[in-house]
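# Fold and contact review
Chain by chain, the residues run as shown.
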Amino acid sequence: MTPGERAVECERLAEALRGLRARTGLSLAALAAKTPYSKSSWDRYLRGGTVPPRQAVAALCELADEDPGRILALWELADTVASGRAAGGRAAGGRAAGGDASGGCPCAGEPSAAVAEPPPSEDAGRSSRRRAGGLLAVLAGGGLAIAAVAVTPAATGAFSESGASASPSPSAPVPVQGCHGDGCTGKDPETYGCGAAPVPVTLGRRSFPGPTVVKIRHSTACGAVWARIDLGKVGDRAEILVPHHAPWRTEVKDGYDARDSLSTPMVAASRSDLDHVRACLVREGRRHCFGPRE
């Protein structure tokens, strides 16, 4: 295997994980908050630079409401190659080019023996839920059982860029629990479903040098507001200010955050509060604040 390549088993697993992550709608920061694994770890797992722990794969399946059978079969194949347990002939399909040479993908071990290959992972733009059932194929001479799964679409419908789908399955993750008003203060809008349907309203929006945008977001269903920063600079802080409430903030801590969108915790806001809500960007010691329609 030449530099810049990784085993096809690793690439298929990474593609499947990226599809699950897209289905959840979660940022790397949100994945890190919901699991024991850091943003940098999730970045490596999703790029295919490292085969993740089995528990990480199972956790992502749970967040995406996906039966783990098919994905864990892909993980078993990738882990077999990465750990060097596999020996013998090359499985059909060869190597997948495009790996991150600097990432040190551990999939550069001995190629695995030929096994019944799982089906390709779902495209990240699809919302169909796939259920796996299936057969066990035993590696010749190795005694390693690999799930060779048959996949049946349970629902179909491709997402448009706007997120609309012909499938009734929701594109956003199912919230951990609902909240409203004061019960939302200090809570994450993604985790509690306030950033999903019904779609929150942008009360105010301001662009800053570079690609940075800060928005004031309002969920009528949750009776709360928060600030969101898109593509900030490392060190930026976004704050949400509501009368009679303490400010809540989030910070762009590293390059992963800078390529993502971050939300502050929510603050309860009544109708009479909405005209007085303000969001701020704190950059290099200077505070830039704005309100609705400013």
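Residues numbered from 1 in each chain as written. Predicted model: local features only at pLDDT ≥ 70, side-chain atom pairs only at ≥ 80, totals over all residues. Heavy atoms only, no water.

## A closer look at the overall build of the chain
Helix and strand counts for the chain stand at 6 helices and 13 strands. Out of the 294 residues belonging to the chain, those deemed buried represent 44%. Intrachain contacts of the chain at a sequence separation of at least 6 include 61% that bridge at least 24 residues. Looking at the chain as shown, the accessible area adds up to about 13800 Å², and 53% of this sits on carbon and sulfur atoms. (Helix = DSSP H or I, 4+ residues; strand = E, 2+ residues; numbered from the N terminus. Buried < 20%, exposed > 50% of the residue type's maximum accessible area, 1.4 Å probe, protein only. Contact = heavy atoms within 4.5 Å. Areas by Shrake-Rupley, 256 points an atom, 1.4 Å probe, with all protein chains shown as cover.)

## What about the pairing of strand 9 (residues 248–251)?
Judged from the 4 bridges that link them, strand 8 (residues 237–241) and strand 9 form a sheet pairing that is antiparallel. Along strand 9, the bridge assignment pairs Glu239 with Arg249. Taken together, strand 8 and the strand that follows it, strand 9, pair antiparallel across an intervening segment of 6 residues, in which His244 is found at a positive phi of about 70°. (Pairing = 2+ DSSP bridges.)

## A word on the sheet that holds strand 12 (residues 278–283)
One open sheet accounts for 4 strands, arranged 9-8-12-13; its pairing is antiparallel. The two strands at the open ends of the sheet, each matched to only one other strand, are strand 9 and strand 13 (286–290). Geometrically, the sheet is characterised by an average inter-axis angle of 20° between neighbouring strands, direction not taken into account. (Axes fitted to C-alpha atoms, helices over the stretch in contact; angles between N-to-C directions.)

## Some thoughts on the pattern of salt bridges
In total, this model carries 12 salt bridges according to the counting rule given. One salt bridge in this structure joins Asp230 and Lys215, with 3.7 Å as the shortest N-O distance. One end of the pair, Asp230, is in strand 7 (residues 224–230); the other, Lys215, is in strand 6 (residues 213–219), with 15 residues separating them in the sequence. Look at Lys215 and you get buried, because its relative accessible area is 15%. Residue Asp230 is joined to Arg228 by a salt bridge in which the shortest nitrogen-to-oxygen separation is 3.0 Å. Classification of Asp230 as buried rests on a relative accessible area of 11%. For Arg228, a relative accessible area of 23% puts it in the partly exposed group. (Salt bridge = Lys/Arg side-chain N within 4 Å of Asp/Glu carboxyl O.)

## Some remarks on unusual backbone geometry
Even without being glycine, Asp65 reaches a positive phi, approximately 55°. Positionally, Asp65 belongs in the loop between helix 4 (54–63) and helix 5 (69–83). Phi angles above zero are rare outside glycine, and Leu231 is one such case at about 55°. Structurally, Leu231 can be placed in the loop between strand 7 and strand 8.

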